[in-house]
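Read off the chains here:
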Amino acid sequence: MLTIVGTIPVSGLGLTEGKAILRGFNLAIEGLELVPSLGTSAMVSAAAITCEALGCEPPLVVIIGDIGDGKGSRELYKYLMFRLPELNPTVLAMHYIMPYTAEMRKVIDAIRTQKEEMTILADAGSMYAAKAAGLAGEFDIFTPDSGEMAYLADPDASHPAYVQHLLFEIDTSETINLIKKAYEHQNIPKLLLVKGVVDYIAKGGRIVKTVEEPVIPVMESIGGTGDVLIGILSALIHAGYEKVDACIKAAKVNRIAGKIARPVPATPVSEIIAKIPAALKMVEAGSTCDCG
Amino acid sequence: MRKFWKIKSRPREVSKEEVKGLILLNEVSEAMKADRLLRGLGYRVKAVAPPPEVRKGCDLSIEFALIDRLGVERVLRENEIPALDIVPLDYVESKPLEITKEVDYGKHLMIRAANMKLTFEKSTGKIVNISGGGCPDVPYLTLEMVGKSLDETPEPETIGFSLCAFMLQKAYSRALEKFSKEI
């Protein structure tokens, strides 16, 4: 089972748990309908449509409303401490949440004995909390962008806002060195998918594959494209793909979906999500995108 | 009464020679509010990371000249901002990134501050996208800001809560500055 946890920017939304299905452009979870935009909703939508395209069980989602005051995040952490051991997912993807280190430590402690059988991915606030708490090694895959890569490489930063100026200056040009540095400081898991102009897949701090085509520069400006990537990746691992292969395929599917959508900086992420099944078919068939 | 505490006409950073103090607060949103208020009143303040032993993961504290302590405490009290503690600063502080980067997409310009990116249409100032970040107010800020023009949108520091919102404010301020020069 694939379980996705995170917050949604809906004030007052209580804990909601249920299977996620994409209906047209809308995401449906236990009677709740959301329009996917930057954040957990984009990630869940991408995972749901990928699962459907692959013919596997839809993701089980645990979400809560939080507009940034942290109340929903605290409640979610608390819930996960007892609920995750019961759910015992094979793939756990953690996403937008306030990066509270003490709470993240308790969640990981709660699943410590089951962790060997799980693949745990983190992005966004969950990844920030994992690194700041010194728990990166407890996770299987992080999916940072270049700015977040500088954060992971900085041994002292407790949030990307506190990255050293020098690392910020070089974050897009020196990704490979930042990966090495982050690995030396034990601030990354074994596997890393760094999204950017070039997507890097690194294992044990070393690059094992890069994905560079097709090139769609405006993707960086579109909120939610990184969220879509981890959604696709989670679903591929859930469907049984080997982790490195899943990272490579996810990077390709994300780029091709973007290419098919012909985006401009104002394109909503839902238009890219809708193209995932077509992009997946192309990647599975081994064809390159000649759709632009 | 408030004017009495407007003690400096030109804000400047706390110099290295001055004894510095640190206001520790519960939430980043309180720190952003304190920073805005104190700066507006002319106090020499700087947003910095709290000492490692009190960090929770998403934190911001305010550095100030310790000589201003009474006035600073008064402003916090009057505005109901509960400081956890005010301590002399004796650790090597780190502060949020000040610099921003830009990517030009022709009709659009993207400004990046740390992990936060804001893209606007150069001719109209309309915010077309926000990306990056990991704290829960980023999706909320996206819903509140995208589609609005830079001079009409609520500013991230007024409705956001986290360090991601704090960095988005820096990207927003830079975008507004660039847009003002364009028109």
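Residues numbered from 1 in each chain as written. Chains lettered and ligands numbered in written order. Predicted model: local features only at pLDDT ≥ 70, side-chain atom pairs only at ≥ 80, totals over all residues. Heavy atoms only, no water.

Caption draft 1: Representation of helix H2 (residues 71-87) of chain A in the model. Residues and elements named next belong to chain A. In a regular helix each residue adds 1.5 Å, so 17 residues correspond to 24 Å; H2 covers 23 Å between its end C-alpha atoms and thus fits that length. Maximum bend of H2: about 40°, positioned at methionine 81, with proline proline 85 one to four residues after it. Structurally, H2 contributes buried residues whose contacts are with strand E1 (2-8), strand E2 (16-23), strand E5 (60-65), strand E6 (91-94), helix H3 (101-110) and helix H4 (124-132). Of the residues trailing H2, asparagine 88 is marked for its positive phi of about 45°. (Helix = DSSP H or I, 4+ residues; strand = E, 2+ residues; numbered from the N terminus. Expected span 1.5 Å × (residues − 1). Bend = angle between axes of the 7 residues up to and from the residue. Contact = heavy atoms within 4.5 Å.)

Caption draft 2: Expanded view of the state of the cysteines. Residues and elements named next belong to chain A. Going through the model one piece at a time under the given rule, you end up with 0 disulfides over all chains. The thiol of cysteine 51 is unpaired, and the distance to the nearest cysteine sulfur, on cysteine 56, comes to 4.0 Å. Judged by its relative accessible area of 0%, cysteine 51 falls in the buried class. Free cysteine: cysteine 247, not disulfide-bonded; nearest cysteine sulfur from cysteine 51 at 16 Å. On the accessibility criterion, cysteine 247 (0% relative accessible area) is buried. (Disulfide = S-S within 2.5 Å. Buried < 20%, exposed > 50% of the residue type's maximum accessible area, 1.4 Å probe, protein only.)

Caption draft 3: Highlighting the confidence of the model for chain B. All names here are of chain B. Predicted confidence across chain B gives a mean pLDDT of 83, with 86% of residues reaching 70 or more. Averaged pLDDT values over the elements of chain B bottom out at 82 in strand E4 (residues 83-88) and peak at 95 in strand E7 (residues 116-121). Of the two predicted TM-score estimates for the complex, the pTM is 0.87 and the ipTM is 0.90. (pLDDT = per-residue confidence, 0-100.)

Caption draft 4: Representation of the sheet that holds strand E1 (residues 20-25) of chain B in the model. Residue and element names in this part refer to chain B. The strand order across the open sheet formed by 4 strands is E2-E3-E1-E4, and the pairing between neighbours is antiparallel. Where the open sheet ends on each side, the last strands, each with one partner, are strand E2 (45-48) and E4. Between one strand axis and the next, the sheet turns through 25° on average, direction left out of account. Of the pairings in the sheet, the one linking E1 to E4 comprises 5 bridges and is antiparallel in character. (Pairing = 2+ DSSP bridges. Axes fitted to C-alpha atoms, helices over the stretch in contact; angles between N-to-C directions.)

Caption draft 5: Structural view of the interface of chain B and chain A. Residue-level contacts link 46 residues of chain B with 47 residues of chain A. Carbon and sulfur atoms supply 61% of the area buried between chain B and chain A, which totals about 3700 Å² over both sides. A per-residue breakdown of the area chain B buries against chain A is headed by B:Leu97, B:Tyr105 and B:Pro136, which together make up 16% of the total. The tally of links from chain B across to chain A stands at 2 salt bridges. (Buried area = accessible area lost by both parts, 1.4 Å probe. Salt bridge = Lys/Arg side-chain N within 4 Å of Asp/Glu carboxyl O.)

Caption draft 6: A look at the pairing of strand E9 (residues 191-194) of chain A. Residue and element names in this part refer to chain A. Residue alternation in E9 divides its side chains into two sets, Leu191 and Leu193 and Leu192 and Val194, and both sets are buried. Bridge count for strand E8 (residues 141-142) against E9 is 2 bridges, and the pairing is parallel. By the bridge assignment for E9, phenylalanine 142 is matched with leucine 192. Relative to strand E10 (residues 199-203), E9 is paired through 4 bridges, and the arrangement is antiparallel. Its bridge partner lying in E10, leucine 191 is registered against lysine 203.

Caption draft 7: Highlighting unusual backbone geometry. Residue and element names in this part refer to chain A. Backbone torsion omega between glutamate 213 and proline 214 reads -15°, so that peptide bond is classified as cis. Looking at where proline 214 falls in the secondary structure, it is placed in the loop between strand E11 (206-211) and helix H8 (225-238). A positive phi angle, close to 55°, is found at glutamine 186, a residue other than glycine. In this fold, glutamine 186 is placed in the loop between helix H7 (175-184) and E9. The backbone of arginine 262 shows a phi angle near 45°, a positive value even though the residue is not glycine. Take arginine 262: it is sitting in the loop between helix H9 (243-261) and helix H10 (269-273). We classify arginine 262 as exposed; its relative accessible area is 58%.

Caption draft 8: Inspection of the nonpolar core at higher detail. The biggest cluster of nonpolar side chains holds 100 residues, and the ones touching the most others in it are A:Phe139 and B:Leu118. Sort the elements by how many residues they give to this core and helix H5 (residues 163-182) of chain B lands first, with 10 residues. When near neighbours in sequence (up to four residues on either side) are disregarded, B:Leu118 contacts B:Leu109, B:Met110, B:Ile111, B:Ile127, B:Asn129, B:Ile130, B:Met145, B:Leu150, B:Leu168, B:Ala171, B:Tyr172 and B:Ala175. The next biggest cluster of nonpolar side chains, apart from the first, holds 59 residues, and it includes A:Leu2, A:Ile63, A:Ala93 and A:Ile272. (Core = buried A, V, L, I, M, F, W, Y, C linked by side-chain atoms within 4.5 Å.)

Caption draft 9: Quick look at the packing of helix H3 (residues 137-145) of chain B against H5(B). Residues and elements named next belong to chain B. Orientation of H3 relative to H5, taken along the N-to-C sense of each, is 35°, at an axis distance of 9 Å. H3 and H5 meet at a crossing whose hand is right-handed. Residues Asp137, Val138, Leu141 and Met145 of H3 form the contact with H5, whose own contacting residues are Cys164, Ala165, Leu168 and Tyr172. In the contact of H3 with H5, the residues fall into 7 nonpolar, no polar and 1 charged. (Left-handed = near helix turned anticlockwise from the far one by under 90°. Nonpolar A, V, L, I, M, F, W, Y, C, P; charged D, E, K, R; others polar.)

Caption draft 10: Geometry of the layout of surface pockets. The volume enclosed by the largest pocket comes to roughly 780 Å³. Lining the largest pocket are 41 residues, and of these A:Lys195, A:Gly196, A:Val197, A:Glu220 and B:Lys117 lie nearest its centre. Among the secondary structure elements, those contributing two or more residues to the lining of the largest pocket are helix H5 (146-153), E10, H8 and H9 of chain A together with strand E5 (101-104), strand E6 (108-113) and strand E8 (127-132) of chain B. In terms of residue class, the lining of the largest pocket is made up of 17 nonpolar, 12 polar and 12 charged. (1 Å grid on protein atoms, 1.4 Å probe; cavity = no way out; pocket = protein on both sides within 12 Å on 5 of 7 lines; lining within 4 Å. Points joined across faces, edges and corners; volume = space filled by probe spheres on them.)

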